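Chain by chain, the residues run as shown.
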Amino acid sequence: MTSDIVFFLLAAISVFTALMVVFSKSPIYSVMWLIACFFSIAGHYVMLNAQFLAIVHIIVYAGAIMVLMLFTVMLLNLNKESEPHKSILSKSIGIITGGMLFLVLLAAMRSTQLGPYSAPETTDVGFVQKVGMKLFTDYLLPFEMTSVLFIAAMIGSVVLAKKERNI
Amino acid sequence: MQLTNRSKVVVKKEMSFVEKLYLPAIFSGLSITIKHLFKKKATLRYPEVTREFAPVYRGMHVLKRDEQGRENCTACGLCAVACPAEAITMDAAERQKGEEYLYREEKYAAKYEINMLRCIYCGLCEEACPKDAIYLTDRIVPSEYSRGKFVFGKDVLVENIDERIDISKRKKSYKID
Amino acid sequence: MSVLIFKVILIVIIFLISLGLAAYATYGERKVAAFLQDRIGPDRAGPFGLLQPIADGVKMFLKEEIIPTVSDKFLFILGPSLFMVTALMTSAVIPWGTPMEFGGVTYHLQVADINIGILYVLGVVSLGVYGIMLGGWSSNNKYALLGAIRASSQMISYELAMGMSVIAVLLISDGSLSLNAIVEGQKGLNWNVFYQPLAALIFIITAFAECNRTPFDLPESESELIGGYHTEYSSMKLGLYLFAEYINMFISSAIISSLFFGGYNFPGLEYLQTVLPTNLVSLISFGAFFTKILFFIFFFMWVRWTIPRFRYDQLMRLGWQVLMPLAIINVLITGAVVTFFGN
């Protein structure tokens, strides 16, 4: 019963903070709301007894990626005065693309079947050992592919940074 | 051209592997600082402990009295003339009848002022004095909040009869009797 | 239910110890600095100047509080609060001593023995940078912003090497992430530092960087950035920043000693457990742990008053081109040894 209350509380917080990310005027506040959103999602992971995922989610997203985002936003010095004026054309293009994405999502959601949720038999699905075993046996290929992708991205960024220096 | 043999030739050589590690350098630095932890401290806890002065230390002036408690100064003005900073001024007056126990000679200084902000503590007044009247002591001029208070008059400079200022060390080391 | 009460008491005690130790670390820092420079240090407030932290605290509270008019007021206040909160949060997973026993019930001297203990520490540490970044940005001061940017890039860079050096430790301690299990595996003098000296060295260096301590104190380097990220701060908000730095130092020392220096273990603990009552042994083990922590806090200060500050490019080169590859090689070698030769 308490877990239900906690779930709905967390869900409400996630939705509210996610909305605030979009609606807040200052980009810095958007970033802050997004961090709060990540925390509530980490809370959901903890509810599912996936502590490892929760903490990795916080370390990677809230601890590293959002710091970089904040970094960029701070350096860009975005505020009300320097916000570029957007033409009606770009606004309407934005609305059309956003609406199309929404349609796709809606179509995808329509075909899903919401069945009753059944908790997994064992409660330690999210533990480090279990996640590790799964990753390195059942999902070995996708895991390795992701690492290759990351290395490609890293090398690419290094190449880009190097190129600038030569000019 | 070599002027002294203290000059060092600066060579920017490649560092060896051990030097590149920096760790030996860091540890030698750490050992140096830890040695200082146990060394004697240079600081004195000032108001409780004072540093010992050299016998020739020149601090605040004193106007001496003789053994019978009479002021030595005759307001001859030689100290004021000798003073390179022009810090000393005085007014002379004649000794009246019945004042013999106050002043040693017929003439005395009615007013004797040293501007402590002008004074450079060179000690020339002391050298100039023919009457053994003025001495620089190892006392420190106290700090004040306003500049006016640094013009010291006779009330500060003349020693009290019952608490004499000891200048024997200074006489011994510096003045030839 | 009584376990809950015990945990609450434990939390309060740890909280008070962290704050008290941080306060006296400021005093200790000044004393150590003075002694290393042949001076005496603060000795006017109380005997040996022991009341100095209290005097400093009172001074901090009574100072005028200034919030720059062009700053973002909410974020300006949020910055130091966040920094303090994240500094205090880390102590939850540290095992402080062997279990205590009251009325036949065992109580662990650890607030939460979660199975991802060390990851939790890394996560909270990575959040600490927000306090600095928000404070630096909302001050609307270029020096503060520079300090904040330096802090964030420095922390992100060194976190990687830190995590890598921890992985090597996890490999030799049966793969458990719980700090309690890691400490349990270092009985007697079986400390991880003897098996993983390189990882210990990397971890200590990165801990210095994460705490923004000299030689990595670029975010607040006084000689170039005035005060760095806390340039515009005054009164107790500045106090919180300075205070949190010392709490970070305390927590880092606790984690260094529990990861590599045996935590509450010391040679002869097992023997004492057979002779003395459980609670007394628990207190003694806590004392041993605390001695190690105090030594590392002293080490932090000792290094600060010995080594000059890095240049920024040197800092980045050290982080990415030296510590990071070293940590990865260390993990590879450890992994190979564990796989082919067993433990």
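Residues numbered from 1 in each chain as written. Chains lettered and ligands numbered in written order. Predicted model: local features only at pLDDT ≥ 70, side-chain atom pairs only at ≥ 80, totals over all residues.

Brief notes about the overall build of chain C
Broken down by element type, chain C carries 13 helices and two strands. Along the first, second and third principal axes, the C-alpha atoms of chain C reach 60 × 45 × 45 Å. The proportion of buried residues among the 343 residues of chain C is 48%. The contacts of chain C with a sequence gap of at least 6 include a subset with a gap of at least 24, amounting to 79%. (Helix = DSSP H or I, 4+ residues; strand = E, 2+ residues; numbered from the N terminus. Buried ≥ 20, exposed ≤ 12 C-beta atoms within 10 Å, placed from the backbone. Contact = placed C-beta atoms within 7 Å.)

Section: the interface of chain A and chain C
With 16 residues of chain A at the interface, the matching set in chain C holds 19 residues. Within the residue set of the side of chain A that touches chain C, elements represented by two or more residues are helix H3 (51-76) and helix H5 (128-137) of chain A. Among the elements that line the side of chain A that touches chain C, the one with the most residues is H3 of chain A, at 12 residues.

A closer look at helix H2 (residues 27-47) of chain A
Helical geometry: 3.6 residues make up each α-helical turn, so side chains three or four residues apart lie on a common side. Residue and element names in this part refer to chain A. Under the 1.5 Å per step criterion, the end-to-end length of H2 is 30 Å for 21 residues, consistent within 8% with the ideal 30 Å. All of the buried residues along H2 are Ile28, Val31, Met32, Leu34, Ile35, Cys37, Phe38, Ile41 and Ala42. Positive phi appears at Asn49, one or two residues downstream of H2, with a value of about 65°. (Expected span 1.5 Å × (residues − 1).)

Here's the deal with the domain arrangement of chain A
Looking at chain A, the domain boundaries give domain 1 (1-80) and domain 2 (127-167). One C-alpha centre belongs to domain 1 of chain A, the other to domain 2 of chain A, and the line joining them spans 24 Å. (Domains from an automatic or database assignment.)

Notes on unusual backbone geometry
Although it is not a glycine, Asp38 of chain C adopts a positive phi angle of roughly 60°. Along the chain, Asp38 of chain C falls in the loop between helix H1 (2-36) and helix H2 (52-62).

Focus on the interface of chain C and chain B
Listed by partner, the interface residues are 12 residues for chain C and 12 residues for chain B. Those elements giving two or more residues to the side of chain C that touches chain B turn out to be H1 and helix H12 (278-304) of chain C. Its residues placed into classes, the side of chain C that touches chain B shows seven nonpolar, two polar and three charged. (Nonpolar A, V, L, I, M, F, W, Y, C, P; charged D, E, K, R; others polar.)

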